[in-house]
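Below are the chains, spelled out letter by letter.
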Amino acid sequence: MSQRGQGPDFIEALARGLDVLRCFSAELPQMTLTQVAQAAGLARPTARRILLTLEEIGYVRASDGVHALTPKVLELGMAYVGSLGLWDMARPHLERLVQQTGESSSMAQLDGSDIVYVARVAVPKLITLNVDIGTRFPAMVTSQGKVLLAALPPEVALHVLKEPSRSGLPERKKIPDSRVLEILAEVREQGWALADEELAPGVRSVSVGVTDLAGTVRASMNVTVNAQETSIDKLVKEHLPQLRAAAEATSEDWSRWQSRPVKVEHGQ
């Protein structure tokens with residue numbers, strides 16, 4: 001872990017909390033309490049209190065004794081994160097897509113039963129969604145959420161959807177599991193998803209997946225339109241091909257970035 005400060009104002013508890021956040025990585029995206037304590041060099045009771053605190057404020061989630069970071073961690077360093085990796089790869093393609101369609105476009109990731117917005121390029125509209133980075137919506141009423149859920153094994157998707165939404169929106173009528181599986185199977189087969197005024201009146205969107213170097217769907221990209229201005233037919237026939245091209249270009253750029261040679265400093 002990081003070297004400890006020596007100044008009189010150094011806060012050990014804060015440093016330990018950051019140590020715990022830094023324990024998680026691409027190689028270890030999920031860890032038990034014991035693993036976290038060992039990786040952070042902390043006693044189990046200390047690691048447990050830190051994890052519970054991070055979970056309470058939304059930076060960590062736990063399931064069956066396994067802990068993982070949530071997309072809210074992006075808030076701690078969006079300026080830096082935005083200059084690297086997927087989000088940097090996506091930005092020019094999102095901007096070009098918005099220029100082509102004249103409609104807003106966003107990217108999101110799945111966090112429990114919600115999607116969390118991680119990138120967005122918006123255009124002014126009379127009917128629109130109030131969306132910022134970090135905004136979350138229930139996954140099954142969004143086209144982005146359907147794409148992300150369809151990328152999971154069916155039984156995993158159903159398990160994920162049993163988690164309570166943390167979007168703050170009123171609870172909706174539960175969709176039967178059999179219907180959920182039908183919807184996700186259709187999305188999986190066609191490679192895209194539609195949401196027609198399911199999240200909010202007047203809001204219609206189409207989404208596709210964005211994949212990493214391994215070909216795994218890690219995020220979704222969408223085009224959002226005013227339902228009174230843009231028909232489903234136009235959304236699918238005109239905007240969807242442009243959206244697919246943008247998502248494919250983003251996936252290709254991200255894969256190249258992930259496969260770049262990484263310089264390793266001697267002695268580290």
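Residues numbered from 1 in each chain as written. Predicted model: local features only at pLDDT ≥ 70, side-chain atom pairs only at ≥ 80, totals over all residues. Heavy atoms only, no water.

Caption draft 1: Examining the layout of surface pockets more closely. If you add up the space inside the second largest pocket, you get close to 560 Å³. Taken together, 22 residues make up the lining of the second largest pocket; nearest its centre are P138, L161, E171, R172 and K174. Contributing elements (two or more residues each) for the lining of the second largest pocket: α7 (154-161) and α8 (177-190). (1 Å grid on protein atoms, 1.4 Å probe; cavity = no way out; pocket = protein on both sides within 12 Å on 5 of 7 lines; lining within 4 Å. Points joined across faces, edges and corners; volume = space filled by probe spheres on them. Helix = DSSP H or I, 4+ residues; strand = E, 2+ residues; numbered from the N terminus.)

Caption draft 2: Structural context of the nonpolar core. M107, M221 and L243 are the most contacted members of the largest nonpolar core, which totals 27 residues. Where this core is concerned, the elements lending two or more residues are α5 (85-101), β5 (114-121), β8 (203-211), β9 (217-226) and α9 (232-258). Per-element accounting of this core gives the leading share, seven residues, to α5. Setting aside chain neighbours within four positions, we find L243 in contact with L97, V206, S207, V208, M221, N222 and V223. Counting residues in each nonpolar core, the second largest holds 21 residues, with V147, L148, A157 and V187 among its members. (Core = buried A, V, L, I, M, F, W, Y, C linked by side-chain atoms within 4.5 Å. Buried < 20%, exposed > 50% of the residue type's maximum accessible area, 1.4 Å probe, protein only. Contact = heavy atoms within 4.5 Å.)

Caption draft 3: Molecular detail of the confidence of the model for the protein. For the protein, mean pLDDT is 87; residues scoring 70 or higher make up 89% of the total. Within the model, pLDDT remains below 50 along residues 80-84, and this stretch shows seven contacts once partners closer than five positions in the same chain are excluded. (pLDDT = per-residue confidence, 0-100.)

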